[in-house]
Amino acid sequence: MGIAGDAEVIRRIDQWPHNKRQPLLIVAAARFLGAQISPYRDFRRFLDHHWDAVSEIVLSRSTQTNEAGRCATLLPSLAQISAAEGRPLALIEVGASAGLALFPDRYGYEFVDTGAGAPDESAADPAAEARTTRLVPDGAQPGTFPVLRCLTAGPVPLPAEIPRVAWRAGIDLNPLDVRDPADVAWLEALVWPEQEFRLERLRQATAIARERPPLLEAGDVNEQLVELAGRAPGRRRPGGIPQRRHGVPGCRRPLPVPAHHGGPCRGAGLPLALERRPHGGSAGRRVQCGPGNG
Ligand SMILES: C[S@@+](CC[C@H](N)C(=O)[O-])C[C@H]1O[C@@H](n2cnc3c(N)ncnc32)[C@H](O)[C@@H]1O
C-alpha cells in the first residue's frame, strides 16, 4: 500500500523488466534481506539502504512459492487413481519449485465436511468434529509432519487411507534445493509474514523433503515432461501433479501426456491439475484448504 503512493519507489521499480514488477517479489526480496514488519516510513528507509541488494534479488529470483497445503486438494483424486490401478503412484509435478507438493504420502490431513454449500471457514466450528476425517502418514510420529486442514462441500470422495507413492519427480525452470539455506530462506520470504501457520507448515514440509530430496529436473515442462515420464519405473502409471496452470505461464495446453510417446509406463499418464473455477461455475465436488493453501 505504501509503495503504491510512493512515486520515487515506483520510478525505481519501473526500471526493472516488466515481469519483475511484482509486489510479492519486492516484498519477499526485502524480507529475504532482513526487513521486518514495520510502518511504511521504516520500510522505505530499509529500501533506501538496501536498494542495490533488493534489485539484485528481484532480478535473480522469481516467485516460486511452494505450498505443501495444496496436497490436500489433490489427495482425493490421487487416492482414486491409486485405488483404480491397484498400485502405488508415480508422481511428476510440473512447476515443482522445491518439490514440496510431491510428498502427499508424508503429510497428515484433516478434512472437515461443511455440508452441501460453498466451503466456508466459519462452518468449521467445534461441532464439525463429527464431520472431520483425519488421515495420518504411515508410521509417522505426531509432530513430525504438517497436518493439512481442508474444508470440503458436496460429495468429495475422501480416501480411507493415504495412497502410497513409489516414485516422485518434478520439473521446474529453476528448481529450488531444500538443502540449500539460501533457497530455503527464499521460500520462507515468499510466505506472507503474518501467516505464521504457513511458515510452520513450510518448515515441516521442508524437513521431510530434506530427508530424501525428490528428483527435480531443471527445464521447461514443454520440453522435459515426456523424457522424465519415460524414466518412471516400469509397470507404474504416472499421475502427474501439474500445479495451478496460471503459475506455469509457459505451459502449453493440453499438457503432453507422456505415455502416448512410448516409454516404460503402461497406459496413459493422468494429468491432474488444480485450477480455479470461473466465477459462477457450479462444482460437483469442492475442496478448499485452510487459508493460504491456494
Ligand atoms: C508458484 S510456483 C508453484 C510451485 C508448486 N507447484 C506449488 O504449487 O507449491 C510456480 C513454479 O512454476 C515454475 N514454472 C513456470 N513456468 C514453467 C515452465 N514452463 N516449465 C517448468 N516450470 C515452470 C516456476 O519456476 C515456479 O517454480
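Note: the structure precedes this text.
Every value quoted in this text rests on a predicted model; they were computed, and no experiment measured them.

Caption draft 1: Local environment of the overall build of the protein chain. In terms of regular secondary structure, the protein chain is built from seven helices and eight strands. Among the 294 residues that make up the protein chain, the fraction classed as buried is 37%. Nonlocal contacts in the protein chain, meaning residues at least 24 apart in sequence, comprise 83% of its contacts between residues at least 6 apart.

Caption draft 2: Representation of helix 7 (residues 221–229) in the model. Taken together, the buried positions of helix 7 are occupied by V221, Q224, L225, L228 and A229. Across the axial projection of helix 7, the buried residues extend over an arc of 120 degrees, all falling on one side. Of the surrounding secondary structure, the elements contacted by the buried residues of helix 7 are strand 1 (89–94), strand 5 (165–172) and strand 6 (215–218).

Caption draft 3: Seen up close, the packing of helix 2 (residues 23–32) against helix 5 (residues 181–189). Packing of helix 2 against helix 5 brings their axes to within 8 Å, and their N-to-C directions diverge by 125 degrees. In terms of orientation, helix 2 lies oblique with respect to helix 5. Relative to helix 5, the crossing made by helix 2 is right-handed. Contact with helix 2, carried on its side by A28, R31 and F32, involves A185, W186 and A189 of helix 5 and no other residues of that element.

Caption draft 4: Structural view of the environment of A101. Among the structural elements, A101 can be located in the loop between strand 1 and strand 2 (108–113). Looking at A101, the number of C-beta atoms within 10 Å reads 27, which means it is buried. Sequence separation between A101 and G170 is 69 residues, and the spatial gap between their C-alpha atoms is 9.5 Å.

Caption draft 5: Fine view of the packing of helix 2 against helix 3 (residues 40–60). For the pair helix 2 and helix 3, interaxial distance at closest approach is 9 Å and the crossing angle is 110 degrees. Viewed along their axes, helix 2 and helix 3 adopt a mutual orientation that is roughly perpendicular. Residue-level inspection shows L25, I26, A29, A30 and F32 of helix 2 in contact with helix 3, the latter providing F46, L47, V54, I57 and V58. Along the lines of polarity and charge, the residues of the contact of helix 2 with helix 3 split into 10 nonpolar, no polar and no charged.

The rules behind the values
Residues numbered from 1 in each chain as written. Predicted model: local features only at pLDDT ≥ 70, side-chain atom pairs only at ≥ 80, totals over all residues. Helix = DSSP H or I, 4+ residues; strand = E, 2+ residues; numbered from the N terminus. Buried ≥ 20, exposed ≤ 12 C-beta atoms within 10 Å, placed from the backbone. Contact = placed C-beta atoms within 7 Å. Arc of directions from axis to C-beta. Axes fitted to C-alpha atoms, helices over the stretch in contact; angles between N-to-C directions. Parallel < 35°, antiparallel > 145°, perpendicular 65-115°, else oblique. Left-handed = near helix turned anticlockwise from the far one by under 90°. Nonpolar A, V, L, I, M, F, W, Y, C, P; charged D, E, K, R; others polar.

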